[in-house]
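Single-letter residue listing:
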Amino acid sequence: MKLITTLDIVALALAAIHFGVPLTYYYWCKKKWLPRPWNLKTDPNYRPRVTIIVPTYNEAKLIEKKLDNIYEQEYPRDKLEVIVIDSASTDGTPEKVKQWASRHPDLNLKLIQEPERRGKAHALNTALKHVTGDIVIITDVDAWWSSKNTLAETAKWLADPSVGAVSCLKKPATPGLAGIEEGYRQYYNTLRLAESKAWTTPIFHGELAAFKKNLLNKLGGFPTHIGADDSHTATRIALIGYRAIIPENILCIEIVPQKSYHTWRIRRAQHLIQHFIKTVTIKPKTLKPFKSILYMEALLHLINPWILLAAILLLPISIVMGSLLAVIILMLGTALLIYGPYRTWATAQLYLIAAVVRNLYTKELVWEKLSST
Ligand code: GDD
Ligand code: MN
């Protein structure tokens, strides 16, 4: 039995990179970017014409609650348009929308029905043709805006001409599996906010994704060839020189699927991977802070999980070669899983790895509706 092999040193070095890079980035975000002022000319009284697009596929259970949540927004009714775009739901979603609309005639609501389901982004592009507002806000059915002022607050940030897009921070309605989802959200919300203050965040959320309509027109609508319609559109807006930000006081509460939690996380990871691969290959000619943010996030999503996997795979080989240290590292690494943040992190890495493998045979551009319970 040897105490240590060269493979152990390599594994430890890889692990140090894997954990060190994101931790350094996180502390950099917290210390350097988060305390910064926004340097934006916001206007709390700005009330542009807004069109809220709600994409639906088999959302009969939740659609009324969603429309109630929009209806409660304190925003001038004559400036507000809601478009529900349904893609051939089979559970009676459109009927529910029609009934709800007849009970709320004072809200300008249009229901558009696609004869065939071709995915969320395709549906959003169909809806875009009917938009009359200057601001377009996409919002998923299984999420709620946390306050009656969410819409007015979103407009406030869009008052600055340099801001092209605004999204939200997220909070799970119920903490996910063993609190994984909640821990993950706290960490990521900090990064989103800090990146937004530095310039722009490359990750947006479909629970509330607001875009200036003229910029969407410039881009030719939402991308239908990759999954992350929200993040990719925001990033492309940043690449033409505008800021895409998540401010501190816009919060969405989202339902976390309990039964199919892993499937859900892997699909979302698949879409983010598609987004980052597409974005880094564009070779962004853009302002410096965003370039570093973009490359850092691409590194964290595309490469960093594999560094951890390589480190882990080296250990059993080293154990076979007789290393005692490898046994200790492996045991310690496993035991640490009882520590919440470490477990949350490790799980996220697994999802990113599984997502790459899954992307090889399906892009999940049209996905199964997962049960919310
Ligand atoms: N019209 C239409 N057509 N709507 C759809 C379709 C479709 O084919 N597929 C899904 N939707 C709607 C859903 O009804 C829901 O309102 C919203 O799009 C999001 O779909 P979910 O099924 O709830 O997926 P998710 O929670 O995993 O979605 C998240 O990730 C996606 C990309 O990874 C959200 O952040 C989405 O906004 C994001 O696009
Ligand atoms: Mn959802």
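Everything below is about the structure shown above.
It should be emphasised that the depicted structure is a prediction, and the values quoted were computed from it without experimental measurement.

Basis of the calculations
- Residues numbered from 1 in each chain as written.
- Chains lettered and ligands numbered in written order.
- Predicted model: local features only at pLDDT ≥ 70, side-chain atom pairs only at ≥ 80, totals over all residues.
- Heavy atoms only, no water.
- Helix = DSSP H or I, 4+ residues; strand = E, 2+ residues; numbered from the N terminus.
- Rg over C-alpha atoms; globule rule 2.2 N^0.38 Å.
- Buried < 20%, exposed > 50% of the residue type's maximum accessible area, 1.4 Å probe, protein only.
- Contact = heavy atoms within 4.5 Å.
- Areas by Shrake-Rupley, 256 points an atom, 1.4 Å probe, with all protein chains shown as cover.
- Lys, Arg positive; Asp, Glu negative; His and termini not counted.
- Charge placed at Lys NZ, Arg CZ, Asp CG, Glu CD.
- Axes fitted to C-alpha atoms, helices over the stretch in contact; angles between N-to-C directions.
- Parallel < 35°, antiparallel > 145°, perpendicular 65-115°, else oblique.
- Left-handed = near helix turned anticlockwise from the far one by under 90°.
- Nonpolar A, V, L, I, M, F, W, Y, C, P; charged D, E, K, R; others polar.
- Patch = residues over 30% accessible without salt bridge, like charges linked within 9 Å, V, L, I, M, F, W, Y side chains within 5 Å.
- Salt bridge = Lys/Arg side-chain N within 4 Å of Asp/Glu carboxyl O.
- Near = heavy atom within 4 Å.
- Polar contact = N/O pair within 3.5 Å; in protein donor to acceptor, adjacent residues only side chain to side chain.
- Core = buried A, V, L, I, M, F, W, Y, C linked by side-chain atoms within 4.5 Å.
- Expected span 1.5 Å × (residues − 1).
- Bend = angle between axes of the 7 residues up to and from the residue.

Caption draft 1: Here's a closer look at the overall build of the protein. In terms of helices and strands, the protein carries 12 helices and 10 strands. A globule of 373 residues ought to have a C-alpha radius of gyration of about 21 Å, and the protein, at 22 Å, matches this closely. Each of the three principal axes of the protein carries a C-alpha extent, and together these read 80 × 45 × 35 Å. Counting every position in the protein, which comprises 373 residues, the buried fraction comes to 54%. Partitioning the contacts of the protein with sequence separation of at least 6, the portion at a separation of at least 24 is 85%. As displayed, the protein has an accessible area near 16,400 Å², and 63% of this comes from carbon and sulfur atoms. Taking the average place of the 46 positive charges on the side chains of the protein and the average place of its 31 negative ones, the gap between the two points comes to 7 Å.

Caption draft 2: Fine view of the packing of helix 8 (residues 229-239) against helix 9 (residues 261-281). One can describe the packing of helix 8 onto helix 9 by two numbers: an axis separation of 10 Å at closest approach and a directional angle of 20°. With respect to each other, helix 8 and helix 9 are oriented roughly parallel. Relative to helix 9, helix 8 is oriented so that their crossing is right-handed. Across from Ser231, His232, Thr235 and Leu239 in helix 8, the residues of helix 9 making contact are Leu272, His275, Lys278 and Thr279. Grouping the amino acids of the contact of helix 8 with helix 9 by side-chain chemistry returns two nonpolar, five polar and one charged.

Caption draft 3: Looking closely at a nonpolar patch on the surface. Taken together, the side chains of Met1, Leu3, Ile4, Ile9, Leu324, Ile328 and Leu332 make up a nonpolar region of the molecular surface, amounting to roughly 740 Å² of accessible area. The leading source of residues in the nonpolar patch is helix 11 (residues 324-335), at three residues. Mapped onto the elements, Met1 comes out in the segment before helix 1 (6-33). Since its relative accessible area comes to 79%, Met1 is described here as exposed.

Caption draft 4: Fine view of the site of ligand 1. Among the 24 residues in the neighbourhood of ligand 1, the closest are listed as Glu59, Ser87, Lys120, Arg267 and His271. In this structure, Glu59 approaches ligand 1 through a side-chain N or O atom, which is 2.5 Å from an oxygen atom. Within the side chain of Arg268, one N or O atom sits 2.8 Å away from an oxygen atom of ligand 1. Burial of ligand 1 by the protein amounts to 97% of the accessible area it has alone, namely 730 Å². Secondary structure elements with two or more residues in the shell around ligand 1: strand 1 (50-56), strand 2 (80-87), helix 4 (120-128), helix 8 and helix 9.

Caption draft 5: Spotlight on the nonpolar core. Counting residues in each nonpolar core, the largest one holds 37 residues, and the members touching the most others are Ile52 and Ile137. Looking at which element gives the most residues to this core, the answer is helix 5 (residues 150-158), with five residues. Ignoring sequence-local partners within four residues, the contact set of Ile137 consists of Val50, Thr51, Ile52, Ile53, Trp145, Leu151, Thr154, Leu208, Ala209 and Ala210. If you look at the next biggest cluster of nonpolar residues, it comprises 25 residues, including Ile83, Phe211, Leu216 and Ile237.

Caption draft 6: Quick look at helix 1. Helix length check: helix 1 (28 residues) gives 39 Å between terminal C-alpha atoms against 40 Å at 1.5 Å per residue, within 8%. Where helix 1 bends most, the angle comes to about 25°, and this point is Gly20, followed within four residues by the proline Pro22. All of the buried residues in helix 1 are Asp8, Ala11, Ala15, His18, Pro22, Tyr25, Tyr26, Cys29 and Trp33.

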